[in-house]
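Results of the structural survey
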Amino acid sequence: METNAGSKGEVLGIVFRFFAVVFTAAGLIMLQGLSEALEPWVRSPLASTPLPEQLRFHAASHGALIGILFSISLLAMLKSPLDKPLLLHFYFVGHLIFLGTLLLTDPALAMQTFFVFILFAVVLGVLFAVYPKRREMLRPREPKTINRTLLIMTGIALLGLLPFMVHGAIGQISDSEMQFRWGEGTALGLTLLYSGYLTATSRTGSRTLGILQGLSYIYMGAASITLPDYPGSWGFIGGAAAIIYGLVYGATVLRQLGPGST
């Protein structure tokens, strides 16, 4: 019986890796996570349509959310996926935050683009079905040991991101272009904060998640410095602060959640 269960787990692990690669490629290419991540610096030939000039910084929010946080967290599970249910938990909740923000800030657009809800439901459903440790993803038995330093740093991030998220929600509510650009910035902020909490739990996979956060802050800071006067940008000062925060946060994660740390 144990042999059969082990063989089934190995097969599901292979299937999970296959779908992880497929959905990562879809996010980077079909959902333009890669092309829009490059938008602040170059007009990517991978973009399906030319992006209006005023939306170039908003593309950075899309790149950070889809291209970095979602795509790389899924790729990180290719090695020992059964040991990282935390990353899949983040992937699930992050998508729910995205959809919830869209529904709350622009219900009309949510109804018009209902296929997005169906698309994400299919992706999450497939990953859930082929992941052998579904219970661990939903109810982890691994105890959490709250890292106070990282939790405090997440609180600092909340103070910095709050104006950005409020501005994004207001901008989305008043937007008449029927595009989820302002609201996506709010979804990015909420996702970063939730991932900050998960990282502070110090569970297996939190180190990877913390590094992705640091990269996201550095990336958004660089995009803000490149496009300081564009709608939604954090500006030069905000961008510099985000880069410094991302570097300090990443270094703290590596030091406190590294191998042999307590």
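Residues numbered from 1 in each chain as written. Predicted model: local features only at pLDDT ≥ 70, side-chain atom pairs only at ≥ 80, totals over all residues. Heavy atoms only, no water.

It is at 8 Å that the axes of helix α3 (residues 56-75) and helix α4 (residues 85-105) come closest, and there the two elements cross at 150°. By the criterion of interaxial angle, the relationship of α3 to α4 is roughly antiparallel. Of the two elements, α3 crosses α4, and the hand of that crossing is left-handed. Contact with α3, carried on its side by Leu 65, Leu 69, Phe 70, Ser 73 and Leu 74, involves Leu 87, Leu 88, Phe 90, Tyr 91, Gly 94, His 95 and Phe 98 of α4 and no other residues of that element. Within the contact of α3 with α4, the residues separate by chemical class into nine nonpolar, three polar and no charged. (Axes fitted to C-alpha atoms, helices over the stretch in contact; angles between N-to-C directions. Helix = DSSP H or I, 4+ residues; strand = E, 2+ residues; numbered from the N terminus. Parallel < 35°, antiparallel > 145°, perpendicular 65-115°, else oblique. Left-handed = near helix turned anticlockwise from the far one by under 90°. Contact = heavy atoms within 4.5 Å. Nonpolar A, V, L, I, M, F, W, Y, C, P; charged D, E, K, R; others polar.)

Positive phi outside glycine occurs at Gln 32, with the angle close to 60°. Overall, the relative accessible area of 16% leaves Gln 32 in the buried class. Look at Ser 80: it is not a glycine, yet its phi comes out positive at around 55°. Relative to the elements of secondary structure, Ser 80 occurs in the loop between α3 and α4. Its relative accessible area of 34% is what places Ser 80 among the partly exposed residues. (Buried < 20%, exposed > 50% of the residue type's maximum accessible area, 1.4 Å probe, protein only.)

Turning our attention to helix α11 (residues 235-256). Across its 22 residues, α11 extends 31 Å between first and last C-alpha, which sits within 8% of the 32 Å expected from 1.5 Å per residue. Those residues of α11 not exposed but buried are Gly 235, Gly 239, Ala 242, Tyr 245, Gly 246, Tyr 249, Gly 250, Thr 252 and Val 253. All buried residues of α11 fall inside an arc of 160° around its axis, so they share one side. Facing away from the buried surface of α11 by more than 90 degrees, the exposed residues are Phe 236, Ile 237, Ile 244, Leu 247 and Arg 255. Lining the buried residues of α11 we find α8 (148-173), α9 (182-200) and α10 (206-226). (Expected span 1.5 Å × (residues − 1). Arc of directions from axis to C-beta.)

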